[in-house]
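The chain contents come next:
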Amino acid sequence: TSQGAALAQAMRALDARHAKAAIITCVRLLLAAFGKDARLAGNARAAGRAAMVAEVRRYVQANLHQAGLTPESVIQALRLPRPTVYRLFRHEGGLGAYIRQLRLRLAAEELARYPHLTVMEIAYGLGFGSASDFARAFRRAYAMPPQEFREQSWRWPGRAVPRA
């Protein structure tokens, strides 16, 4: 199939460590997809679910700076079943909440580390579409505006960045 050819082409571009990880992920995804049909034990299905979560997390991390990164774009890019992805990230508040949480955590780290960047450069660089959306989300996560967070991080430079 064309998908098999695309996979083979993509594998050639990977180093040995990443190729091995990709193969293991593919096997786990296949186990998860066909687990019920093959009457696999719970451990095999759990391994498949863990592989899917890991694959989604890797994809999100690699594309976190893309403004177009949405739950829908992740589902389409990885060709995973929508209900499964929603079920796997339900404990995170959903895939959208997971993406937003990672972006806010990285924004907090960048606010503390890069004082030469404006708040909006950081926000837009992390895929936030507007200043008001970013400021509102940041305030909800950290109970203060981004600029105040930055000022506090300058006062206590050794302080760990809180988790969103």
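This text follows the structure it describes.
Quick summary incoming for the structure in this document. Every chain is numbered independently, its residues counted from 1 as its sequence is written. Only residues with pLDDT of at least 70 get local features here, since the model is predicted, and only at 80 or more are side-chain atom pairs given and counted; chain-wide, interface and lining totals rely on the full set of residues. Processing note: side-chain calculations cover all non-hydrogen atoms of the structure and skip hydrogens and water entirely.

## Digging into the overall build of the protein
Argument step 1. Helix and strand content of the protein: 9 helices and 0 strands.
Argument step 2. The helix count covers DSSP runs of H or I at least four residues long, the strand count covers runs of E at least two residues long, and both are numbered beginning at the N terminus. Helices and strands appear in the protein in the N-to-C order α-α-α-α-α-α-α-α-α.
Argument step 3. Across the 164 residues that make up the protein, the buried fraction comes to 32%.
Argument step 4. Only the protein chains shown count as covering a residue, and every accessible area follows the Shrake-Rupley method with a 1.4 Å probe. Carbon and sulfur atoms provide 56% of the accessible area of the protein, an area that totals close to 10100 Å². When accessible area is computed with a 1.4 Å probe and restricted to protein chains, residues below 20% of their type maximum are described as buried, those above 50% as exposed, and intermediate ones as partly exposed.

## So, unusual backbone geometry
Argument step 1. Positive phi is not limited to glycine here, since Arg-79 has a value of about 55°.
Argument step 2. Among the secondary structure elements, Arg-79 is positioned in the loop between α4 (71-78) and α5 (82-88).
Argument step 3. A relative accessible area of 61% places Arg-79 in the exposed class.
Argument step 4. Unusually for a residue other than glycine, Ala-143 sits at a positive phi of about 60°.
Argument step 5. Summarising the element assignment, Ala-143 is placed in the loop between α8 (131-142) and α9 (146-155).
Argument step 6. Classification of Ala-143 by relative accessible area gives exposed; the value is 69%.

## Brief notes about the environment of Glu-109
Argument step 1. Here Glu-109 shows up in helix α6 (residues 95-113).
Argument step 2. With 44 residues separating them along the chain, Glu-109 and Ser-153 place their C-alpha atoms 9.5 Å apart.

## Details of α6
Argument step 1. For a helix, the expected span equals 1.5 Å multiplied by the residue count minus one. Compared with an ideal rise of 1.5 Å per residue, which puts 19 residues at 27 Å, α6 spans 27 Å between its outermost C-alpha atoms and is within 8% of the ideal.
Argument step 2. The set of residues buried in α6 consists of Leu-95, Ala-97, Tyr-98, Ile-99, Leu-102, Arg-103, Leu-104, Arg-105, Ala-107, Ala-108, Glu-110 and Leu-111.

## Some words on the environment of Leu-111
Argument step 1. Structurally, Leu-111 can be placed in helix α6.
Argument step 2. On a C-alpha basis, the gap between Leu-111 and Glu-151 in space is 9.1 Å, while along the polypeptide they are 40 residues apart.
Argument step 3. Between two residues, a contact is recorded if the distance between any of their heavy atoms is within 4.5 Å. When neighbours within four sequence positions are excluded, Leu-111 is seen to be in contact with Val-119, Ile-122, Phe-138, Pro-146, Phe-149, Arg-150 and Ser-153.

## Overview of the nonpolar core
Argument step 1. With 17 residues, the main nonpolar core has Val-56, Val-60, Val-74, Phe-89, Leu-95 and Ile-99 as its most contacted residues.
Argument step 2. Elements represented by at least two residues in this core include exactly α3 (42-63), α4, α5 and α6.
Argument step 3. Filtering out sequence-adjacent residues up to four positions away, Phe-89 remains in contact with Val-53, Val-56, Arg-57, Gly-94, Leu-95 and Tyr-98. Nine residue types can take part in a nonpolar core, namely buried Ala, Val, Leu, Ile, Met, Phe, Trp, Tyr and Cys, and a core is a set of them joined through side-chain atoms within 4.5 Å.

In short, geometric facts, not functional conclusions.
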